[in-house]
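# Descriptive structure summary
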Amino acid sequence: LNKSADGKHVERFLEFAELAKNPPKAAPAGSAGAGGGAAQGKDAWRNGNYTERLHHGLIHGIDKFIDGDVEEARADLQVPLH
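Heads up: these notes are all about the structure in this document. This structure is a prediction, so every number in the text was calculated from the model and none was measured.

With that settled, consider the environment of H56. Looking at the element boundaries, H56 is found in helix α3 (residues 50-60). A relative accessible area of 23% places H56 in the partly exposed class. Placed eleven residues apart in sequence, H56 and W45 show a C-alpha to C-alpha distance of 7.3 Å. Excluding residues within four positions of it along the chain, H56 makes contact with W45 and I62.

Dropping the structure here:
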């Protein structure tokens, strides 16, 4: 089961694992010379309300903005959570 004809099954698996971990970066078709387009697209989720921002941050493990978003939610709700 763990064998191959050429004996390089481990090397192929390691190469596959590296590609899965660090996929090659392919530029989108319309991004030639776009400048800061990637940065705007990357943080576009920050344009939503605090509920959407908290949801996205928690789902994707982004804690950079959590303090400000939670404070905004706390000030807006004015009632502590039970």
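Before going further, it helps to examine the pattern of salt bridges. One side chain can pair with another of opposite charge once the charged atoms of both are near each other. Within the structure shown, the criterion is met by six salt bridges. For E18, the salt bridge is made with K21, and the minimal N-O distance between the two is 4.0 Å. Of this pair, E18 and K21 both sit in helix α1 (residues 9-21), three residues apart, which is roughly one turn of the helix. Close ionic contact of E72 with R53 constitutes a salt bridge, the shortest N to O distance being 2.4 Å. You can see E72 sitting in helix α4 (residues 66-77) and its partner R53 sitting in helix α3, a full 19 residues away along the chain. It is possible to trace a salt-bridge network through shared partners that takes in R46, R53, D69 and E72.

For the rest of this paragraph, the subject is the packing of α3 against α4. Helix-helix packing is characterised by the crossing angle of the two axes and by the distance between the axes. Packing of α3 against α4 brings their axes to within 10 Å, and their N-to-C directions diverge by 145°. By crossing handedness, the relation of α3 to α4 is classed as left-handed. The residues of α4 that touch α3, namely those facing Y50, R53, L54 and L58, are I66, D69, V70, E72, A73, D76 and L77. When its residues are assigned to classes, the contact of α3 with α4 shows seven nonpolar, no polar and four charged.

Here we take up the packing of aromatic side chains. Applying the stated criterion across every chain yields a total of one aromatic pair. Consider the rings of W45 and F65, whose centres lie 5.8 Å apart with planes at 70°: the pair is edge-to-face. Of this pair, W45 sits in the loop between α2 (37-42) and α3 while F65 sits in the loop between α3 and α4, placing them 20 residues apart in sequence. We classify F65 as partly exposed; its relative accessible area is 25%. Taking NZ or CZ as reference, R46 lies 4.0 Å from the ring centre of F65, over its face.

Thresholds applied
- Residues numbered from 1 in each chain as written.
- Predicted model: local features only at pLDDT ≥ 70, side-chain atom pairs only at ≥ 80, totals over all residues.
- Heavy atoms only, no water.
- Helix = DSSP H or I, 4+ residues; strand = E, 2+ residues; numbered from the N terminus.
- Buried < 20%, exposed > 50% of the residue type's maximum accessible area, 1.4 Å probe, protein only.
- Contact = heavy atoms within 4.5 Å.
- Salt bridge = Lys/Arg side-chain N within 4 Å of Asp/Glu carboxyl O.
- Axes fitted to C-alpha atoms, helices over the stretch in contact; angles between N-to-C directions.
- Left-handed = near helix turned anticlockwise from the far one by under 90°.
- Nonpolar A, V, L, I, M, F, W, Y, C, P; charged D, E, K, R; others polar.
- Phe/Tyr/Trp six-rings, centres within 6.5 Å; stacked < 30°, edge-to-face > 60°.
- Lys NZ or Arg CZ within 6 Å of the ring centre and 35° of its normal.

Any functional reading would require information that these geometric values do not contain.
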